[in-house]
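# Residue-level structural notes
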Amino acid sequence: MRVLIVGNGGRESAIADKLMADSRPVELYFANGNATTEKLGKNLNLSGIKEIKEFALKEEIELTIIGPEAPLVDGIVESFQEAGLKIFGAKSRAAKLEGSKSFAKKFMQTHGVKTATAKVFDSYNEALDYLNGKNFPLVIKASGLAGGKGVVICDSKETAQATLHSFMIDRIYGDSGIQVVIEDYLIGFEASIIAFSNGKKLFPCIAVKDYKKVGNGDKGLNTGGMGSVAPSPEFTPEHFQDFEKNILTPTLNGLNEEHLGFTGFIFFGLMVTKDGTYLLEYNMRLGDPETQSLLPLLNNELLDVIEDCLEGKDIKLSFKDEKAVCLVMCSGGYPGTIQTGIEITGIEKVKHSKILFAGAQYSGDRLLTSGGRVVNLVATGNTYEEAREKVYKDAIPLNFDYAFYREDIAQF
Ligand code: AMP
Ligand code: GLY
């Protein structure tokens, strides 16, 4: 089967790797891919929905899988479907659940999805007024997409005022900050659950733990994710029942009531508190780096479950009784300013883990960094410790100038 994968991160490398491990033969194409995908199929140089669709029509692509959120929000699914092309991903109306935090919050409130108390503001002055009498910390979120950076946890009223000014007046995230969500701060641990949708029902995977902060011990700035562990060691079967009752089921009912059904992925970003599990956010895609540790444990063939979902069939997901760890190696300076084009050496010395590149590209025979998160090392084992040892052993010979990674992934 000829499959096109849109995206160029570690997540897309993991999707491709899983498809290659499945028993059915696939011919893979990537818009635009990275150093891993180049070895698994053909990287293309395409930009924009129109060019990607023209390629899919011309080359008779039989299935397209979308990695990142932006093309979903921009309507790639509708565009492909109108052209009679098979595609797995949320339609733009549903992708608004990720693309607009105010839309998502209203959806959660309308359909009784358990979430932090929050209010949406279009007016800067009304938002400032709301701060009076609130307890701190308080969370301020730019409503639109901001590359994962538009959420600020404000410890004081002064920080909150400055954040509102930077979002709504200075527009540091452009139009994404015209509207803001101000939300009560929740204390607990986070977990990510990804579900497949067949248009009528949602089929959740096991919970995964993502490491969001740049520094050891969860210190420092938020990143796209510095590592992940599957299954989440903290998320118990009781938490899962709580999630199903208070988040998954009301979400499904809401999607059906609002005719937002789609065939694709939905990601639940959860906060587990002493008062139960709350939904922080929806993403309408696979998580990155959650996918890198989740897919190696999936027993089902990925192509089978995607095709079944596209045909509206029910699926039964099954996961290995093992642990998977993903360690992300980053460019110096990430998540701030980074340099690219730095040579990566030592891949032949990686013996115990799978290398899934993200921000890395070949230039001839030379392997060069091209982004903040450069490479994912992924390993499985019977215990977290066993999988953890493998990725950390392999991080030693893998080198590029200024590379760094967290030392405490999967350390419990
Ligand atoms: P979001 O994009 O809404 O998931 O927010 C990004 C990150 O900010 C989350 O992964 C949490 O670490 C943090 N966060 C968001 N909302 C809250 C909240 N209500 N309470 C505490 N932390 C939060
Ligand atoms: N790791 C969280 C995300 O993919 O948004």
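Above this text is the structure in question.
Numbering of residues starts from 1 in every chain and runs along the sequence as written. Chains carry letters from A onward and ligands carry numbers from 1 onward, assigned in written order. With the structure being a predicted model, the display of local features is reserved for residues of pLDDT at least 70 and the display and counting of side-chain atom pairs for 80 or more, all residues being used for whole-chain, interface and lining totals. Each side-chain value is derived from all of the structure's non-hydrogen atoms; neither hydrogens nor water enter the calculation.

Helix and strand assignments follow DSSP, with helices taken as H or I runs no shorter than four residues and strands as E runs no shorter than two, numbered in order from the N terminus. From N to C terminus, the protein chain includes 13 helices and 22 strands. Only C-alpha atoms enter the radius of gyration, while the globule expectation follows 2.2 Å times N to the 0.38, with N the number of residues. The globule rule puts the C-alpha radius of gyration for 412 residues at 22 Å, and the 21 Å found for the protein chain is close to it. Projected onto the principal axes, the alpha-carbon positions of the protein chain cover approximately 60 × 45 × 40 Å. A 1.4 Å probe rolled over the protein chains alone gives each residue an accessible area, and that area as a share of the maximum for its type sets the label: buried under 20%, exposed over 50%, partly exposed in between. For the protein chain, buried positions account for 55% of its 412 residues. Looking at the protein chain alone, contacts between residues at least 24 apart form 68% of all its contacts between residues at least 6 apart. Areas reported here follow the Shrake-Rupley algorithm with a probe of radius 1.4 Å; residue values treat only the protein chains shown as occluding. Summed over its atoms, the accessible surface of the protein chain is roughly 17300 Å², and 48% of this surface lies on carbon and sulfur atoms. We count Lys and Arg on the positive side and Asp and Glu on the negative side, and we leave His and both chain ends out. A charged residue contributes its charge at one atom only: NZ of Lys, CZ of Arg, CG of Asp or CD of Glu. Taking the average location of the 45 positive side-chain charges in the protein chain and that of its 55 negative ones, the two points are 1 Å from each other. Should any heavy atoms of two residues lie within 4.5 Å, those residues are considered in contact.

Here the focus is helix 3 (residues 48-58). All of the buried residues along helix 3 are Ile49, Ile52, Phe55 and Ala56. Within helix 3, the buried residues cover an arc of 130 degrees as seen down the axis, which keeps them to one side. Across from the buried face of helix 3, at angles greater than 90 degrees, the exposed residues are Lys50 and Lys58. Phi turns positive one or two residues past the end of helix 3, at Glu60, with a value near 50 degrees. Here the arc refers to the directions that run from the helix axis out to each C-beta atom.

In this structure, Leu4, Ile76, Phe268, Tyr282 and Met284 are the most contacted members of the largest nonpolar core, which totals 46 residues. Apart from the residues within four sequence positions on either side, Met284 is in contact with Leu72, Ala90, Ala94, Ala95, Leu97, Glu98, Phe262, Phe265 and Ile266. By nonpolar core we mean a set of buried residues, namely Ala, Val, Leu, Ile, Met, Phe, Trp, Tyr and Cys, connected to one another through side-chain atoms within 4.5 Å. Grouped together as the second largest cluster of nonpolar side chains are 33 residues, Ile5, Ile15, Ala16 and Leu302 included.

The 4 strands are arranged 11-10-16-17 in an open sheet whose pairing can be described as antiparallel. Across the chains shown, the open sheet's two edge strands, defined by having one partner strand only, are strand 11 (202-204) and strand 17 (276-283). For this sheet, the mean angle separating the axes of adjacent strands, direction not counted, is 35 degrees. By the bridge criterion, 3 bridges tie strand 10 (residues 189-198) to strand 11 in an arrangement that is antiparallel. Bridge pairing in strand 11 places Ser197 opposite Leu202. Relative to the sheet, helix 12 (residues 302-310) contacts strand 10 and strand 16 (263-273), its axis offset from that of strand 10 by approximately 60 degrees. Here a strand pair is declared whenever DSSP counts at least two bridges between the two strands. Axes here refer to lines fitted to C-alpha atoms; in helices the fit is confined to the stretch in contact. Angles between the N-to-C directions go from 0 to 180 degrees.

Glancing now at the sheet that holds strand 4 (residues 63-66). With parallel pairing, 5 strands are arranged side by side in an open sheet as 3-2-1-4-5. On the outer flanks of this sheet lie strand 3 (42-44) and strand 5 (87-88), each paired with one strand and no other. Relative to strand 3, strand 2 (residues 27-32) is paired through 3 bridges, and the arrangement is parallel. Bridged to Ala31 within strand 3 is Leu44.

Taken together, Asp210, Gly224, Phe267, Asn283, Arg285, Gly287, Asp288, Pro289 and Glu290 are the residues near ligand 2. Within the side chain of Asn283, a nitrogen or oxygen atom sits 3.2 Å from an oxygen atom of ligand 2. Contacts to ligand 2 include Arg285, whose side-chain N or O atom sits 2.9 Å from an oxygen atom. Coverage of ligand 2 by the protein amounts to 88% of the 200 Å² it exposes when considered alone. In the scheme used here, Gly and all other residues not listed as nonpolar or charged are polar, with Ala, Val, Leu, Ile, Met, Phe, Trp, Tyr, Cys and Pro taken as nonpolar and Asp, Glu, Lys and Arg as charged. Among the residues forming the shell around ligand 2, the class breakdown is 2 nonpolar, 3 polar and 4 charged. Being near a molecule or strand, for a residue, comes down to having at least one heavy atom within 4 Å of it. N or O atoms closer than or at 3.5 Å make up a polar contact, with two conditions inside protein: a donor-capable atom paired with an acceptor-capable one, and, for residues adjacent in sequence, both atoms drawn from side chains.

Further remarks concern the site of ligand 1. Near ligand 1 you find 14 residues, and of these Lys141, Glu183, Asp184, Leu186 and Glu190 are the closest. Residue Glu183 places a side-chain N or O atom 2.7 Å away from a nitrogen atom belonging to ligand 1. Contact distances for ligand 1 include 3.1 Å between an oxygen atom and a side-chain N or O atom of Glu281. For ligand 1, whose free accessible area comes to 470 Å², the fraction covered by protein is 93%. Listing elements by their share of the shell around ligand 1, those giving two or more residues are strand 7 (138-142), strand 8 (151-154), strand 9 (180-184) and strand 17. Residues belonging to the shell around ligand 1 are distributed by class as follows: 7 nonpolar, no polar and 7 charged.

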